[in-house]
Amino acid sequence: IDSMNKKIWIHTILVVLLLAGATAYLFISLNKQKEENAAIKELAEIDKKEMENEYQQFAQQYSEMKTQINNDSIVAQLTAEQEKTQRLLSELRRVKSTDAREITRLKKELATVRAVIRSYVMEIDSLNKVNASLAQENTRVKGQYEAATRQIEGLSTEKRSLSEKVAIAAQLDATGIALVAKNKRGKSTDQITKATTLQVSFNITRNVTATSGVKDIYVRIMSPTGSLLNGEGSFSYENRTLQYSMKRSVEYNGEETPVILFWNVSQALQGGTYQVSIFADGNMIGSRSFNFK
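Fair warning: this is a prediction, and the values are worked out from it, not measured in the lab.

### Quick notes on the sheet that holds strand β2 (residues 188–189)
Spatial ordering of the open sheet is given by β2-β1-β3-β8, a layout of four strands whose pairing is antiparallel. Each edge of the sheet is formed by a strand with only one pairing partner; in this case those strands are β2 and β8 (257–264).

And the structure:
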């Protein structure tokens, strides 16, 4: 009987130890998953906030542009576009940052709003130049030196304000963003654990208002755990310094420009959601997430 009781106690202790070990493993796993989800959610919130800031900035620009012209038809068009921008901003504020489908739709709408603003900036700039020319000719005919001086000062103020708007309209856009994992044979794979190289490709869209020349392109790749895939340097973004995963300098002449970068896998990668963010000229010009097994 003592021998039987002893065996029962031993079995009981083993069962308790196994249950304790399983409970500890489950707790650690759940905690790790919670941290990963929190990091992904934080990045999505940052992306959503940046979109809200852009929508709000564009809505304010429409108000400023309406004060610079006296053409009722154009003012009505600007008012309609401003109301559309404010409506999209309201939709964005209501949507959750985790709603990938709606965020993607509103990001596409944002690109359309930016393109419309560019066209109006160029049109108003042309009208202002014509008005400025007529005003200068009128002052010469009348010989009113003081009035001409005030006109030139007013035009300088308008020019500075317009230059700021042109700078915003000249921001680059990255479209068609793709992240491809390739194995040691150079073949694409959806199992990132087998990847030896990550390929990031995208197109910088056509933008005739953007400054031509060599552009430094920075790419950040965030892992499912919220850590950055390591790179070799840093860059400035919104008064802070960020590390990058990859960098490439490209010649941009205002036309659509394809860009491809490669990151050599130097550390073990795991399945999950990877976030690719692209920066140029101190702006985030594109961002997209990808899921791997």
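Now, onward.
### As for the packing of aromatic side chains
In total, this model carries six aromatic pairs according to the counting rule given. Between Phe235 and Tyr244, the ring centres sit 6.4 Å apart and the planes meet at 35°, which makes this aromatic pair tilted. An identical accessibility class is assigned to Phe235 and Tyr244; each is buried. The interplanar angle of 70° and the centroid separation of 4.9 Å between the aromatic rings of Tyr237 and Phe279 together place this pair among those described as edge-to-face. Of this pair, Tyr237 sits in strand β5 (residues 233–237) while Phe279 sits in strand β9 (residues 272–280), placing them 42 residues apart in sequence.

### Brief notes about the nonpolar core
Core analysis: the biggest nonpolar cluster contains 31 residues, and Leu179, Leu198, Phe202, Val219, Ile221, Val276 and Ile278 have the highest contact counts within it. Residue assignment for this core shows that the elements contributing at least two residues are β1 (174–182), β3 (197–204), β4 (213–222), β7 (246–252), β8, β9 and β10 (283–292). In contact with Ile221, not counting residues within four places along its chain, are Leu179, Leu198, Val200, Ser227, Leu228, Leu229, Ser245, Met246, Tyr274, Gln275 and Val276.

Rules behind the numbers
Residues numbered from 1 in each chain as written. Predicted model: local features only at pLDDT ≥ 70, side-chain atom pairs only at ≥ 80, totals over all residues. Heavy atoms only, no water. Pairing = 2+ DSSP bridges. Helix = DSSP H or I, 4+ residues; strand = E, 2+ residues; numbered from the N terminus. Phe/Tyr/Trp six-rings, centres within 6.5 Å; stacked < 30°, edge-to-face > 60°. Buried < 20%, exposed > 50% of the residue type's maximum accessible area, 1.4 Å probe, protein only. Core = buried A, V, L, I, M, F, W, Y, C linked by side-chain atoms within 4.5 Å. Contact = heavy atoms within 4.5 Å.

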